[in-house]
Amino acid sequence: MFVYVDNAATTSVSKTALNAMMPYLTEFYGNPSSLYDFAQKAKEGLDEARSTVAACLNAEPREIYFTSGGSEADNQAIMSAARLGAKKGKKHIISTKFEHHAVLHTLKRLQKDGFEVTLLDVHEDGVVRVEDVAAAIREDTALVTIMFANNEIGTVQPITEIGALCRVNGIPFHTDAVQAAGHMAIDVKAMNIDMLSISGHKFHAPKGIGALYVKKTLPLFNLIEGGAQERGKRSGTENMAGIIAMAAALRESCENMEENAKRISAMRDKLFTELSKIPHSKINGSLEHHVPGTVNMCFEGIEGESLLLMLDANGICASSGSACTSGSLDPSHVLLALGLPHEVAHGSLRLSIGEYNTMEEIDHIIEVVPKVVGYLRNMSPVWDELEKGERPHLI
């Protein structure tokens with residue numbers, strides 16, 4: 001059996017998205033910036049897609065800017081807020097220790113330019129406290145950027161409350177909603193969000209397309225120069241097929257969100273219940289504040305890389321907190337931010353469930369994972385020491 005449970009990394013393109021985008025590759029392929037009628041058909045599609053994305057977020061169409069994905073959207077939002085703050089003599093930014101690297105690396109870049117960055121703790125449950133944000137705010141705070149839902153452990157942050165706090169203090173609030181869009185209800189007005197990033201390939205659109213919401217009262221500065229596209233704020237001929245597909249996929253996801261969330265959550269909860277029976281295992285992050293589909297657990301005495309390879313041999317596509325794909329043996333910065341020891345963080349597993357997964361596939365995972373964990377532990381000298389009492393169990 002083949003089981004794909006790495007939907008937090010990327011998703012397959014839905015039939016709805018594929019059918020929507022195909023005419024813009026073969027029939028309406030004109031450049032929407034051209035004036036002749038043939039190109040204006042593409043322009044009509046562009047306008048309709050912008051309105052669709054805006055409606056899904058309760059924003060205005062003019063507040064939506066199409067980008068190449070979530071990373072670009074994060075970069076443009078943060079760099080714009082920083083530039084605006086610097087003009088006012090404000091060079092302090094608040095974020096968290098477990099943000100996506102698109103945010104953390106942008107903040108490091110700004111530190112080299114003289115900005116001060118406060119990275120908040122997210123505590124053992126993976127949730128930032130509103131009072132911690134309040135305590136970190138200074139007169140020279142130019143931006144608060146805190147992700148909506150974490151990409152590794154799935155915990156959801158108190159976005160509405162943080163946004164309200166920022167609104168009272170006159171500070172722009174940005175949230176990376178890449179893992180939330182299409183899976184959780186988002187209302188930028190009710191949630192007091194000033195800027196928000198999304199990426200299409202997380203909800204069944206193609207890779208290479210995303211969007212940035214920017215409240216109409218905030219100025220946006222360019223990352224890419226060269227043309228007047230996106231109202232002069234993001235140069236480059238629009239990725240029409242990607243834009244159309246993303247709008248269609250987001251609309252479909254939002255229309256079916258309640259039903260999908262109920263079914264996916266049931267599969268997630270079954271995984272948590274059954275895999276927690278493995279001795280010396282640990283669920284990472286709060287279960288109360290959680291996206292529907294993400295399961296993140298640690299199994300003591302094993303390495304995440306070996307676990308992934310053996311799951312792959314059993315037809316299961318998953319991911320680990322360890323940065324094995326980069327050739328690094330360092331554990332996930334997200335898990336370390338929760339206070340997990342390196343030895344525990346190394347043995348992590350992320351299973352991210354999507355709309356197309358089935359309970360039969362979940363049962364296959366439940367059958368395979370304990371066997372693989374047991375096999376790896378039997379081969380591990382570390383596990384042998386733990387079982388003999390030569391070193392203490394950490395889980």
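Scroll up to find the structure.
Calculation notes
Residues numbered from 1 in each chain as written. Predicted model: local features only at pLDDT ≥ 70, side-chain atom pairs only at ≥ 80, totals over all residues. Heavy atoms only, no water. Helix = DSSP H or I, 4+ residues; strand = E, 2+ residues; numbered from the N terminus. Rg over C-alpha atoms; globule rule 2.2 N^0.38 Å. Buried < 20%, exposed > 50% of the residue type's maximum accessible area, 1.4 Å probe, protein only. Areas by Shrake-Rupley, 256 points an atom, 1.4 Å probe, with all protein chains shown as cover. Polar contact = N/O pair within 3.5 Å; in protein donor to acceptor, adjacent residues only side chain to side chain. Contact = heavy atoms within 4.5 Å. Pairing = 2+ DSSP bridges. Axes fitted to C-alpha atoms, helices over the stretch in contact; angles between N-to-C directions. 1 Å grid on protein atoms, 1.4 Å probe; cavity = no way out; pocket = protein on both sides within 12 Å on 5 of 7 lines; lining within 4 Å. Points joined across faces, edges and corners; volume = space filled by probe spheres on them. Nonpolar A, V, L, I, M, F, W, Y, C, P; charged D, E, K, R; others polar. Salt bridge = Lys/Arg side-chain N within 4 Å of Asp/Glu carboxyl O. Parallel < 35°, antiparallel > 145°, perpendicular 65-115°, else oblique. Left-handed = near helix turned anticlockwise from the far one by under 90°.

Peer 1: Explain the overall build of the chain to me, and be specific about the residues and the numbers.
Peer 2: When helices and strands are counted, the chain shows 15 helices and 12 strands. At 22 Å, the chain has a C-alpha radius of gyration in line with the 21 Å of a compact globule built from 395 residues. Judged by the C-alpha coordinates and their principal axes, the chain covers about 75 × 50 × 35 Å. The buried share of the chain, reckoned over its 395 residues, is 56%. Carbon and sulfur atoms make up 53% of the accessible area of the chain, which totals about 16800 Å².

Peer 1: I'd like a description of the side chain of serine 95, backed by residues and values.
Peer 2: With respect to the helices and strands, the residue serine 95 is situated in strand S3 (residues 92-96). The buried category is assigned to serine 95, whose relative accessible area is 0%. Among the polar contacts made by the side chain of serine 95, one reaches the main-chain carbonyl oxygen of threonine 145 at a distance of 2.8 Å. Other than its neighbours up to four places away in sequence, serine 95 contacts Val103, Leu107, Thr118, Leu119, Leu120, Thr145 and Ile146.

Peer 1: A description of the sheet that holds strand S6 (residues 173-176) should follow, citing residues and the corresponding values.
Peer 2: Here seven strands make up an open sheet; going across it, the order is S2-S8-S7-S6-S5-S3-S4 and the pairing mixed. Bordering the open sheet on either side are strand S2 (64-67) and strand S4 (116-120), each of which pairs with just one other strand. Sheet twist, expressed as the mean angle between neighbouring strand axes with direction ignored, is 20 degrees. Of the pairings in the sheet, the one linking S3 to S4 comprises five bridges and is parallel in character. Each bridged residue has a counterpart across the sheet, and for serine 95 the counterpart in S4 is leucine 119. Helix-sheet contacts for helix H3 (residues 37-57) involve S2 and strand S7 (195-199), and the interaxial angle to S2 is about 110 degrees. Along the sheet, helix H5 (residues 101-112) makes contact with S3, S4, strand S5 (141-145) and S6, crossing S3 at roughly 155 degrees.

Peer 1: Report on empty space enclosed by the protein, specifying residues and quantitative values.
Peer 2: With the rule as written, the count across this model stands at three cavities of 30 Å³ or more. Lining the largest cavity are 20 residues, with Gln179, His183, Ile264, Gly293 and Ile353 sitting closest to its centre. With four residues, helix H10 (residues 257-275) is the single largest residue contributor to the lining of the largest cavity. Looking at the lining of the largest cavity residue by residue, the classes come out as seven nonpolar, 11 polar and two charged.

Peer 1: An account of the layout of surface pockets is requested, with residue identities and associated values reported.
Peer 2: For the second largest pocket, the calculated volume is near 270 Å³. Around the second largest pocket sit 14 residues that line it, and Gly301, Ile302, Glu303, Glu343 and Val382 are the ones nearest its centre. Tallied by class, residues from the lining of the second largest pocket come to six nonpolar, four polar and four charged.

Peer 1: Mind laying out unusual backbone geometry, listing which residues take part and the relevant values?
Peer 2: A positive phi angle is found at asparagine 192, which is not glycine, with a value near 60 degrees. Residue placement: asparagine 192 occurs in the loop between S6 and S7. By relative accessible area, asparagine 192 is classed as buried at 15%. At arginine 231, a position not held by glycine, the phi torsion is positive, near 55 degrees.

Peer 1: Describe the pattern of salt bridges, with residues and values.
Peer 2: Evaluated as defined, the whole model comprises 18 salt bridges. Ionic pairing is found between aspartate 269 and arginine 268, a salt bridge with its closest N-O pair at 2.9 Å. Note on aspartate 269: relative accessible area 36%, which makes it partly exposed. One salt bridge in this structure joins glutamate 274 and lysine 277, with 3.1 Å as the shortest N-O distance. Judged by relative accessible area, which is 57%, lysine 277 ranks as exposed. Salt bridges sharing partners connect three or more residues here, namely Glu60, Arg62 and Lys216.

Peer 1: Please provide a residue-by-residue account of the packing of H10 against helix H14 (residues 359-379), values included.
Peer 2: With their axes 10 Å apart at the nearest point, H10 and H14 run at an angle of 20 degrees to one another. The orientation of H10 with respect to H14, classified from their angle, is roughly parallel. Regarding H10 and H14, the two cross each other, and that crossing is right-handed. Touching Ala266, Met267, Lys270, Leu271, Glu274 and Leu275 of H10 are Met359, Ile362, Asp363, Ile365, Ile366, Val369 and Pro370, all from H14. Tallied by class, residues from the contact of H10 with H14 come to 10 nonpolar, no polar and three charged.

Peer 1: Which residues make up the environment of alanine 39, and what values do they have?
Peer 2: Position of alanine 39 among the secondary structure elements: in helix H3. Exposure remark for alanine 39: the relative accessible area of 0% places this residue in the buried category. When neighbours within four sequence positions are excluded, alanine 39 is seen to be in contact with Gly30, Asn31, Pro32 and Ser34.

Peer 1: Help me get a handle on the sheet that holds strand S10 (residues 294-299), residues and values and all.
Peer 2: Taken in spatial order, the three strands make up an open sheet running S9-S10-S12, and their pairing is antiparallel. Looking at strand neighbours, the two that pair on one side only are strand S9 (281-283) and strand S12 (348-352), the edges of this open sheet. The sheet shows a mean angle of 25 degrees between the axes of neighbouring strands, taken without regard to direction. Of the pairings in the sheet, the one linking S9 to S10 comprises three bridges and is antiparallel in character. Paired with serine 281 across the two strands is phenylalanine 299, which belongs to S10. Against the sheet, H10 makes contact with S9, S10 and S12, and its axis sits at roughly 10 degrees relative to S10, the strand it touches most.

Don't take any of this as a statement about function, it's just geometry.
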